[in-house]
Protein chains: 2
Amino acid sequence: MAMRTSRLWERQLVRRIWEAVGRPSIQIELWDGDVCGADRAVGRIIIREPKTLRRLLWNPSLAFGEGFATGRIEIAGPLIEVLTALFRGQWETTKGGPGQKTWTGRLFRRRGHSLTESQSSVHHHYDLGNDFYKLWLDEQLVYTCAYYQQPELSLAHAQVAKFDHICRKLRLKPGDRVVEAGCGWGAFALHMARNYGVKVRAYNISREQLAYARERARREQLDAQVEFVEADYRQIDGEYDVFVSVGMLEHVGVEQYPALGSVINRVLTEHGRGLIHTIGRNVARPLDDWTDRYIFPGAEPPSLKQMMDVFEPHGMSVLDVENLRLHYAETCRVWLNRFDDHAAKVAEMFDEQFVRMWRFYLAASSATFLSGFLQLFQVQFARAVDNTIPWTRDDVYRQAQRRSVHDSLSALAHN
Amino acid sequence: MAMRTSRLWERQLVRRIWEAVGRPSIQIELWDGDVCGADRAVGRIIIREPKTLRRLLWNPSLAFGEGFATGRIEIAGPLIEVLTALFRGQWETTKGGPGQKTWTGRLFRRRGHSLTESQSSVHHHYDLGNDFYKLWLDEQLVYTCAYYQQPELSLAHAQVAKFDHICRKLRLKPGDRVVEAGCGWGAFALHMARNYGVKVRAYNISREQLAYARERARREQLDAQVEFVEADYRQIDGEYDVFVSVGMLEHVGVEQYPALGSVINRVLTEHGRGLIHTIGRNVARPLDDWTDRYIFPGAEPPSLKQMMDVFEPHGMSVLDVENLRLHYAETCRVWLNRFDDHAAKVAEMFDEQFVRMWRFYLAASSATFLSGFLQLFQVQFARAVDNTIPWTRDDVYRQAQRRSVHDSLSALAHN
């Protein structure tokens, strides 16, 4: 399409934006070919029309994501690297703060975390269809940060390595009763049952995921050991030796943390122990408008400080925190590559705009883990008065040397 | 001394106190031999006079510690176990909260954390004389939580194991510039220089400790590699690859954490990394009145939530948190045993009341680590945008297998 020449004030404005976001090593090109930005750039952001530039002023996050999805913004060069450079510049200028919603963002009330709101948020993202996720997740449909114990691991291996890493931290032993809050398609629950001889009750409010998980449990004859329950984490009952949650806390909402803590406190035995694996932040701030609107309504990755509201009200002991953000950056990069390999199929299932939106989401996720904005925390905890906790982590790493991911994977293959 | 018979209300009161602190598995005996409490008790608390009972109502923490120091309260049975049972009962009834000062405690303004107040607090405890600490600390005078990597380690070995554990977490390499905030008698600074080839600037405001550290550095010909500076952590200047602080944060005061964070942010290089080792809590609450008055004026072990105020304002990434509270319980137990072995000598240096006061402090410290009240956190951090951070902790534990504490100790012996 033929577009008018950019005006002087527009060119000056773009330069000011580039400076304001910390002079990142990227270039910005306008619809008429005018370019500003770094001399040595990793890539170029191309703004295809004047209206998009104006929208970037109004709400940068929303306009950038929407612009990319509609093709009004394009990125030339390696997508993750360009976004990382852009975000890193922003991080350096703001240190992640002040973390306030834009004034335009404040106009909209965000979705809360009541039972029905949580249900609706989860449905929005996780019920896009198992066929969609099968295209680009690993074979077991694990939709959380993998653990690249060795850098050369495949995605499937790294997901299993993550499972075993958590199981070792939790010192699972045969007969333990485990409750899993937010179980996705059930891979971790089945892994624990299959490889560690534990009994698992796994909770989820995504109906599509649960149907898949139950079917798989039956097929693998683990349905006596693993029960999949369609209910919210607030409805967990029973008594358990272990509480574990991988990739759910992001959706819980910080105001609900004391409620989650009460659930844990209520269902854990005297020597009970637990682990929460979640996306987090160095500095508390709300999710950006675009991700909240298009990808994860109501999601809120917490800072460690916020996360302590799960544990402090019940005086629980935090035993171990590990930050695995580089692993999530890599996981998202691999997902993006696999997604790109199946872009034509995704376009068939949805449309081209959906494809671009999800490319942006996966690439931007990787970039936020590389640029300071997002972290991945594994937080291990126990009751304060439990003196049977392990003294060191030596056993976690000794066992890691003895039992490789290949053992777990061959157990899976023979099932 | 002949004491009057206990009155009915006094006997009832004691029973109510025992119930209020959670019916711990101990007994309480009054001056006339009246006993109440658990049937199966680990030991007995003996209140020698009516006035002490009344004082326990007024301010339990102060009266209990003072009563023990003056001999008006005695404990029959294993000291640490009796106190652990007592504290554990209290923990279970309060979960560490509400953590408010007693109303009587509020009458006194506590010492703050200005430069001069910190100086005075440190002087109160750490300048009791090197000869005193030499009696019961290990040979290197390390006055922080040891690391019992293997349960059978001696105190001296466990202190060296702690040093190496921290050095491995920090991935020290030859030539690194390290700043240590609060260096005690200098053992860790010298250890890092001797075994890892780093340059250390170590800060302290205890003059007695510094004199000792400097003399030792000269004797061991490490004075070109290690500089001991008499200054407060707020006065740290220069540029460093590593920031480390072992056992200082307890004295900093939570309101000063953003200031400490600013120091770290100012002096750390782009790929700088750091670790803070500190006593902490599961739930924020002020120090008890007795410890504040007699042992550590101004001390404030933080909850993890409070501790995040060091890092969040600068968007630093917490990479690793390890809770080593059982190690500190054991360290205090060993210190107490060694202290008891030299009680006669301590009585000569001070007096009998000082001996009892310190016995109570060391035993109660061990008990607080065993009963939920105190934790020991090692918090490792880095800048948010540093993507050169290690991916896993595998190397920390692989190196631990290769390099034993015996290597470090023989390096020390040959020096």
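Each value, and the rule that gives it
- Residues numbered from 1 in each chain as written.
- Chains lettered and ligands numbered in written order.
- Predicted model: local features only at pLDDT ≥ 70, side-chain atom pairs only at ≥ 80, totals over all residues.
- Heavy atoms only, no water.
- Helix = DSSP H or I, 4+ residues; strand = E, 2+ residues; numbered from the N terminus.
- Rg over C-alpha atoms; globule rule 2.2 N^0.38 Å.
- Buried < 20%, exposed > 50% of the residue type's maximum accessible area, 1.4 Å probe, protein only.
- Lys, Arg positive; Asp, Glu negative; His and termini not counted.
- Charge placed at Lys NZ, Arg CZ, Asp CG, Glu CD.
- Contact = heavy atoms within 4.5 Å.
- Buried area = accessible area lost by both parts, 1.4 Å probe.
- Salt bridge = Lys/Arg side-chain N within 4 Å of Asp/Glu carboxyl O.
- Polar contact = N/O pair within 3.5 Å; in protein donor to acceptor, adjacent residues only side chain to side chain.
- Nonpolar A, V, L, I, M, F, W, Y, C, P; charged D, E, K, R; others polar.
- Least-squares fit on C-alpha atoms with pLDDT ≥ 70 in both.
- Pairing = 2+ DSSP bridges.
- Right-handed = clockwise from strand over helix to strand, strands pointing away.
- Core = buried A, V, L, I, M, F, W, Y, C linked by side-chain atoms within 4.5 Å.
- Axes fitted to C-alpha atoms, helices over the stretch in contact; angles between N-to-C directions.
- Arc of directions from axis to C-beta.
- pLDDT = per-residue confidence, 0-100.
- Phe/Tyr/Trp six-rings, centres within 6.5 Å; stacked < 30°, edge-to-face > 60°.
- Parallel < 35°, antiparallel > 145°, perpendicular 65-115°, else oblique.

Colleague: So what exactly am I meant to see when it comes to the overall build of chain A here?
Modeller: Of the regular secondary structure elements, chain A holds 19 helices and eleven strands. For 415 residues, the compact-globule formula gives about 22 Å, and the C-alpha radius of gyration of chain A, at 22 Å, lands near that figure. Expressed along its principal axes, the backbone C-alpha trace of chain A runs to roughly 70 × 45 × 40 Å. A buried classification covers 62% of the 415 residues belonging to chain A. Placing the 53 positive and 51 negative side-chain charges of chain A at their respective mean positions leaves the two points 4 Å apart.

Colleague: Help me understand the interface of chain B and chain A, please; the structure alone is not making it clear to me.
Modeller: Quoted interface sizes are often the accessible area lost when the parts come together. In this assembly, 51 residues from chain B lie in contact with 51 residues from chain A. Buried surface at the junction of chain B and chain A, summed over both partners, amounts to about 4,500 Å²; 49% is from carbon and sulfur atoms. Viewed at the interface, chain A and chain B are joined by eight salt bridges. Here B:Asp320 ties to A:Arg393 by a salt bridge, and the two come within 2.7 Å at their closest N and O atoms. The tally of links from chain B across to chain A stands at 33 residue pairs in polar contact (both at pLDDT 80 or more). Among the residues making up the side of chain B that touches chain A, the classes are represented as 20 nonpolar, 14 polar and 17 charged.

Colleague: Is there a simple way to think about the relation of the copies chain B and chain A in this case?
Modeller: Superposing the two chain copies requires a rotation about an axis and a translation along that axis. The two copies are related by a screw operation: chain B maps onto chain A through 180 degrees of rotation and 0.0 Å of translation along the axis, at an RMSD of 0.0 Å. In the structure described here, the two chain copies are related by an operation that fits a two-fold rotation axis. In this assembly the copies share their binding face: 100% of the residues contributing to the interface of chain B also contribute to that of chain A.

Colleague: Hey, could you run me through the pairing of strand S7 (residues 226-230) of chain B in this one?
Modeller: Remember that side chains alternate between the two faces of the sheet whenever the strand is regular. All names here are of chain B. Here five bridges tie strand S6 (residues 199-204) to S7, and the two strands are oriented parallel to one another. Each bridged residue has a counterpart across the sheet, and for Ala202 the counterpart in S7 is Phe228. Crossover handedness for the path S6 to helix H10 (residues 207-219) to S7: right-handed.

Colleague: What am I meant to see in helix H3 (residues 60-70) of chain A here?
Modeller: Given 3.6 residues to a turn, an α-helix orients residues that are three or four positions apart in the same direction. Residues and elements named next belong to chain A. In terms of residue burial, H3 counts as a mostly covered element, since eight of its eleven residues are buried. Buried residues of H3: Leu62, Ala63, Phe64, Gly65, Glu66, Gly67, Phe68 and Ala69, and no others. For H3, the secondary structure elements touched by its buried residues are strand S3 (44-47), helix H2 (50-58), strand S4 (73-76), helix H4 (79-94), helix H13 (289-295) and helix H17 (352-370). Following H3 by one or two positions, Gly71 adopts a phi angle in the positive range, close to 85 degrees.

Colleague: Quick question: what am I supposed to make of the nonpolar core here?
Modeller: One recurring pattern in soluble globular proteins: nonpolar side chains tend to sit buried together. Ranked by internal contacts, the top residues of the largest apolar core, which has 87 residues, are B:Phe64, B:Leu83, B:Tyr133, B:Trp136, B:Tyr143, B:Trp335 and B:Trp358. For this core, the element with the highest residue contribution is helix H17 (residues 352-370) of chain B, accounting for twelve residues. Among the nonpolar cores identified, the runner-up in size contains 85 residues, and A:Ile75, A:Cys145, A:Tyr212 and A:Leu370 belong to it.

Colleague: I tried to follow the pattern of salt bridges on my own but got confused; where do I start?
Modeller: Where charged atoms of side chains with opposite charge meet at close range, the side chains can pair. Counting across every chain of the model gives 65 salt bridges over all chains. With its nearest N and O atoms 2.9 Å apart, the salt bridge here joins A:Asp340 to A:Arg359. Taken as a pair, A:Asp340 in helix H15 (residues 325-341) and A:Arg359 in helix H17 lie far apart in primary sequence, 19 residues in all. Relative accessible area serves as the criterion here: at 30%, A:Asp340 is assigned to the partly exposed category. Among the residues examined, A:Arg359 registers a relative accessible area of 25% and is labelled partly exposed. B:Arg273 is the salt-bridge partner of B:Asp176, the closest N and O atoms lying 2.6 Å from each other.

Colleague: Would you mind showing me how to read the sheet that holds strand S1 (residues 27-29) of chain B here?
Modeller: Each strand in a sheet pairs with another by means of backbone hydrogen bonds, the pair being arranged parallel or else antiparallel. All names here are of chain B. Taken together, four strands build an open sheet; the order of strands is S2-S1-S3-S4 and the sheet is mixed. Each edge of the open sheet is held by one strand with a lone partner, namely strand S2 (35-37) and strand S4 (73-76). Across the sheet, the mean angle separating the axes of adjacent strands is 25 degrees when strand polarity is ignored. One ladder, built from three bridges, connects S1 with S2; its direction is antiparallel. Opposite Ile28, over in S2, you have Cys36 as the bridge partner. Sitting on the sheet, helix H1 (residues 8-20) touches S1 and S2, and the angle it makes with S2 is about 25 degrees.

Colleague: I tried to follow the pairing of strand S9 (residues 268-280) of chain B on my own but got confused; where do I start?
Modeller: All names here are of chain B. Within S9, eleven of the 13 residues are buried, leaving the element largely enclosed by the surrounding structure. Note that strand S8 (residues 240-246) and S9 share six bridges and pair parallel. Its bridge partner being in S9, Val244 is matched across the sheet by Leu275. As paired elements, S9 and strand S11 (residues 375-382) share eight bridges and run antiparallel to each other. From the neighbouring strand, His277 faces S11, where its bridge partner is Gln378.

Colleague: Even after reading the chapter, I still don't get the environment of B:Val246, so can you show me in this structure?
Modeller: All names here are of chain B. Relative to the assigned elements, Val246 resides in strand S8. With 32 residues separating them along the chain, Val246 and Thr278 place their C-alpha atoms 6.4 Å apart. Beyond its immediate chain neighbours, meaning those up to four positions away, Val246 contacts Thr144, Lys162, Ile166, Ala181, Gly182, Phe188 and His277.

Colleague: I'm lost on the sheet that holds strand S1 (residues 27-29) of chain A in this one. Help?
Modeller: All names here are of chain A. With mixed pairing, four strands are arranged side by side in an open sheet as S2-S1-S3-S4. Each having just a single partner strand, strand S2 (35-37) and S4 make up the two edges of the open sheet. Ignoring which end each strand starts from, the neighbouring axes of this sheet average 25 degrees apart. Where S3 meets S4, four bridges bridge the pair, whose relative direction is antiparallel. Among the inter-strand pairings, Arg44 is bridged to a residue of S4, identified as Ala76.

Colleague: Please explain helix H14 (residues 304-311) of chain B as it appears in this structure.
Modeller: Those residues of H14(B) lying buried are B:Leu304, B:Met307, B:Met308, B:Val310 and B:Phe311. Mapping the buried residues of H14(B) onto a view down its axis gives an arc of 135 degrees, with all of them on the same face.

Colleague: Where do I start with the confidence of the model for chain A in this structure?
Modeller: In regions of low pLDDT, the predicted coordinates are not meant to be interpreted in detail. Taken residue by residue, chain A gives an average pLDDT of 92. The fraction at 70 or more is 93%. Interface scoring of the predicted complex returns ipTM 0.94; its pTM is 0.94.

Colleague: When you look at the packing of aromatic side chains in this model, what are you seeing that I'm missing?
Modeller: Two descriptors summarise a pair of aromatic rings, namely the distance from one centre to the other and the angle between the planes of the rings. All chains considered together, the criterion is met by 59 aromatic pairs over all chains. Relative to A:Phe360, the ring of A:Trp290 lies with its centre 5.0 Å away and its plane at 90 degrees, an arrangement referred to as edge-to-face. Of this pair, A:Trp290 sits in helix H13 while A:Phe360 sits in helix H17, and the two are 70 residues apart along the sequence. Note on B:Phe311 and B:Phe381: the rings are 4.9 Å apart at their centroids and 45 degrees apart in plane angle, and the pair reads as tilted. Highlighted residues: B:Phe311 in helix H14 and B:Phe381 in strand S11, separated in sequence by 70 residues. Of the two residues, B:Phe311 and B:Phe381, both sit in the buried class.

Colleague: Is there a simple way to think about the environment of A:His113 in this case?
Modeller: Residue and element names in this part refer to chain A. Structurally, His113 can be placed in the loop between helix H5 (103-106) and helix H6 (115-126). As a C-alpha pair, His113 and Pro297 span 184 residues in sequence and 9.9 Å in three-dimensional space. Setting aside chain neighbours within four positions, we find His113 in contact with Ser118, Arg234, His251, Val252, Gly253, Glu255, Gln256, Gly298 and Glu300. Among the polar contacts listed, one links the side chain of His113 to the side chain of Glu255, at a separation of 2.8 Å.

Colleague: What exactly am I supposed to notice about the packing of helix H12 (residues 257-267) of chain A against helix H14 (residues 304-311) of chain A here?
Modeller: In a packed pair of helices, the relevant descriptors are the angle between the two axes and the axis-to-axis distance. Residues and elements named next belong to chain A. Packing of H12 against H14 leaves a shortest axis separation of 6 Å and a crossing angle of 40 degrees. When the interaxial angle is binned, H12 and H14 end up oblique. Contacts between H12 and H14 involve Tyr257, Pro258, Leu260, Gly261 and Ile264 on the former and, on the latter, Gln306, Met307, Asp309 and Val310.

Colleague: Which parts of the structure should I look at to understand the side chain of A:Asp394?
Modeller: Secondary-structure assignment places A:Asp394 in helix H18 (residues 394-402). Discounting residues that sit within four places of it in the chain, A:Asp394 has contacts with B:Tyr147, B:Gln149 and B:Tyr397.

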